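# Structure assessment
Listed here are the chains, written in short residue letters.
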Amino acid sequence: MVTLSLVVIWPAAEAAAQRTTATGSGGAVATESPVATGAAVGVLRNGGNAVDAAVAAASTLGVSDPLVAGIGGGGYFVYYDAHTHRVYTIDGREMAPAADGPDLFIDPITGEPLDFPTAVTSGLSVGVPGNLMTWAVALRRWGKHSLASDLQPAERTASGGYKLDSAVREEIRENAFRFKQFGSSSSLFLPGGRLPAVGTIMKDPDLAATYKEIGRDGVGALYGGPIGADVVGAIHALPLARDATLVPRPGAMSLSDLAAYRAPVKAPTHVNYRGLDVYGMGPSSSGGSTVGESLNIMGDFNLSHETRAQALYHYLEATRLAFADRNRYVGDAAFVKVPLRQLLSKGFAKTRACLINPTHALKSPVAPGDPFKEQSNCSLKTTRAAQPSDATSTNELVVADKQGDVVSYTNTIEELGGSGIVVPGRGFLLNNELTDFDFAPLQKGVPDPNLPAAGKRPRSSMSPTIVLKDHRPFLAVGAAGGSTIITSVVQILMNRIDLGMTLPEAMAAPRASQRNSDPTQAEPAFLRLASTAGLEKLGEKFAIDDTSPLDPKIKIAPTIGWAAGLELLSGGRMQAVGEPKSRNGGGAAGVVKQSG
Ligand code: GLU
């Protein structure tokens, strides 16, 4: 790493305008917030590379999108290095504290699993955060600037404030009841006890000071130092408001859990799809294996020559089957034997693809296949296993620089608003990532790869993806949305690669998500597509989901996922693409030099 002492010029112009697609050269960025995209473009303009820009964007998102990002959470960083022409990944997933065991979410009195909302808003759900360590590891290996320098835009946003937009305000509204439980959370997000109006300048001086301290003292300030001590304090003695009505459970994280945390660099997953090399995130995420297996199954059909309904049918049936295998076989590979090579083999995909009935949709839950046996007589089984459900909020950011380095980074604090707990005096929310574990075995007598254990990372669906064409970067995509992340990424890749859509069209297209349970979740716009009647004739059934996983009384937008992507075009041109405005207000795309 070359450490430059540099003053980042605040990119006010980029921050002001929200473009959902930007085409140009010199570097490209897409995130979910104009402020974060502006910060990353500013870093690229000031000589930083894609890794520096990704760190600037992620840390700024911790300020401007605090309910889905920040140093209280974790994520997965996928990186194409233009020097070595290789793809690397960093596993920055949260880890269960050493004192946790398989009964983490079992009520000691009833012996039954806790209900999901009780588990989320608690100290029990907080995993050792991984984002800050991810940034340090990425910068040490591939960055040009120092962490202190890359944190500057975030620090300035936290002290100067950001303008509250309707999307973040809506997120605060959905969390208002939980935030009122904690004094530190309500004073940050509900100033004066009220939901702030759109356009309010939201400042977080505690977070500005936290970033400054990290810039000065290094990541040890969190991983074993004074910031870590405050995190542990907030998890043990929850900062409850005087008029709190909930009695949340404390957690067991210790300072030594923080000191022991590592974010290892790991090999990516890889499949070849229609001649393209698709790289993703391996365990502890199920993203790379499930996206890869789905694509392998779809590879048995010639989607570009099929009707739209047939192509979508093969997409839905492929993810239905791949999710059965994900749920049965994928967990943290440091704790369970994950048959990754087999799950990603073309031979195994054939044993799954042959189960797809050309005239009638399968009925879920379908049973997992046997990846250890590549021959199969193609007989379909069903299962009694419960299907895990995941919640939906995260952020994805993509960056390319002028040297040709590319980052696809998905990170999260899990639920919208995480555990609901802001660390007092530190200005950031703590995750509830440990609720991504299965609380109890999904089926009696069948091993469950995703049960809690000390030091284990809960299985994720995050799927940051980089696609190479002829050994050069072609696409970078990823999405938010719990387990729908996997299907959103597969659908976007299919739209772009098989269905002839441009990347902006591929991302804007209405989504449907089949995850081995019926009915298939769909966006309202998907139900209006002409092809949907064809899918219904094939036996597919659809439903819209517009209820909050935390409280069925709270209605949420019935959209699926939240994606970001970029495409490397010919002649050094690049296109960054955020969500269209119709999907929760849209994303923010930027390029260093605009053209067209
Ligand atoms: N916790 C989820 C996962 O790792 C991501 C959060 C979300 O997007 O909902 O799969």
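These remarks concern the structure in this document. (Residues numbered from 1 in each chain as written. Predicted model: local features only at pLDDT ≥ 70, side-chain atom pairs only at ≥ 80, totals over all residues. Heavy atoms only, no water.)

Turning our attention to the overall build of the protein. From N to C terminus, the protein includes 20 helices and 20 strands. Taken over C-alpha atoms, the radius of gyration comes to 22 Å for the protein, in line with the 25 Å a tight globule of 596 residues would show. Judged by the C-alpha coordinates and their principal axes, the protein covers about 65 × 60 × 40 Å. Every one of the 596 residues in the protein was classed for burial, and the buried ones make up 62%. Put simply, of all contacts in the protein between residues at least 6 apart along the chain, 73% involve residues at least 24 apart. Accessible surface, the protein as shown: approximately 21,100 Å² in total, 55% of it carbon and sulfur. (Helix = DSSP H or I, 4+ residues; strand = E, 2+ residues; numbered from the N terminus. Rg over C-alpha atoms; globule rule 2.2 N^0.38 Å. Buried < 20%, exposed > 50% of the residue type's maximum accessible area, 1.4 Å probe, protein only. Contact = heavy atoms within 4.5 Å. Areas by Shrake-Rupley, 256 points an atom, 1.4 Å probe, with all protein chains shown as cover.)

Glancing now at the pattern of salt bridges. It is possible for side chains bearing opposite charge to pair when their charged atoms get close. Here the structure, examined in full by the defined rule, presents 20 salt bridges. A salt bridge links Asp-107 to Arg-249; its shortest N-O distance comes to 3.6 Å. A residue pair is termed long-range when its members are at least 10 positions apart, and Asp-107 in the loop between β3 (86-92) and α4 (116-120) and Arg-249 in the loop between α11 (226-236) and α12 (255-260) qualify at 142 residues. Owing to a relative accessible area of 14%, Asp-107 belongs among the buried residues under this scheme. A relative accessible area of 28% means that Arg-249 is categorised as partly exposed. Across the pair Arg-274 and Asp-498 runs a salt bridge, and its minimum N-O distance is 2.6 Å. You can see Arg-274 sitting in the loop between β7 (269-273) and β8 (276-280) and its partner Asp-498 sitting in the loop between α17 (484-497) and α18 (503-508), a full 224 residues away along the chain. Residue classification places Asp-498 among the buried residues on the basis of a relative accessible area of 7%. Taken together, the salt bridges that share partners define one network made up of Glu-317, Arg-320, Asp-518 and Glu-540. (Salt bridge = Lys/Arg side-chain N within 4 Å of Asp/Glu carboxyl O.)

All right, on to the side chain of Ser-33 then. Within the fold, Ser-33 resides in the loop between β1 (21-31) and α2 (34-45). Within the structure, Ser-33 has its side chain in polar contact with the backbone nitrogen of Ala-36 (distance 3.0 Å). Among residues more than four places away in sequence, those in contact with Ser-33 are Leu-61, Ser-64, Asp-65 and Ala-588. (Polar contact = N/O pair within 3.5 Å; in protein donor to acceptor, adjacent residues only side chain to side chain.)

Let us look at the packing of aromatic side chains. Under the criterion given, the structure shown has seven aromatic pairs. Pairing Phe-179 with Phe-189 gives two aromatic rings, centres 4.7 Å apart and planes at 20 degrees, and the pair type is stacked. Placement of the pair is Phe-179 in helix α8 (residues 166-181) and Phe-189 in helix α9 (residues 183-189), with a sequence separation of ten residues. Between Phe-526 and Phe-542 the ring centres are 5.4 Å apart and the planes differ by 50 degrees, which places this aromatic pair in the tilted class. Note that Phe-526 is positioned in helix α19 (residues 524-527) and Phe-542 in strand β15 (residues 542-543), a separation of 16 residues in sequence. As far as burial versus exposure is concerned, Phe-526 and Phe-542 are alike and both buried. Connected via pairs of aromatic rings, a cluster forms that spans Tyr-79, Tyr-88 and Trp-142. In this structure, Arg-141 packs its charged tip against the face of Tyr-88, placed 5.6 Å from the ring centre. A cation sits over an aromatic face here: Lys-469 above Phe-474, 4.4 Å from the ring centre. (Phe/Tyr/Trp six-rings, centres within 6.5 Å; stacked < 30°, edge-to-face > 60°. Lys NZ or Arg CZ within 6 Å of the ring centre and 35° of its normal.)

On to the sheet that holds strand β13 (residues 512-513), then. The strand order across the open sheet formed by three strands is β13-β14-β15, and the pairing between neighbours is mixed. What marks the edges here is a single partner per strand, and that holds for β13 and β15. In terms of strand pairing, β13 meets strand β14 (residues 520-522) through two bridges, oriented antiparallel. What sits directly across from Ser-513, in β14, is Gln-521. (Pairing = 2+ DSSP bridges.)

Once that is clear, we can look at α8. Taking 1.5 Å of rise per residue, the 16 residues of α8 would be expected to cover 22 Å, and the 23 Å separating its terminal C-alpha atoms lies within 8% of that figure. Approximately 65 degrees is the largest bend angle found in α8, and it occurs at Asn-175. Along α8, the positions that sit buried rather than exposed are Val-168, Glu-171, Ile-172, Glu-174, Asn-175, Ala-176, Arg-178, Phe-179 and Gln-181. Close packing links the buried residues of α8 with α3 (50-64), α4, β4 (162-163), α9, β5 (201-202) and β17 (551-555). Sitting at the amino-terminal end of α8 is Asp-165, which places a side-chain oxygen 3.2 Å from the backbone nitrogen of Ala-167. (Expected span 1.5 Å × (residues − 1). Bend = angle between axes of the 7 residues up to and from the residue.)

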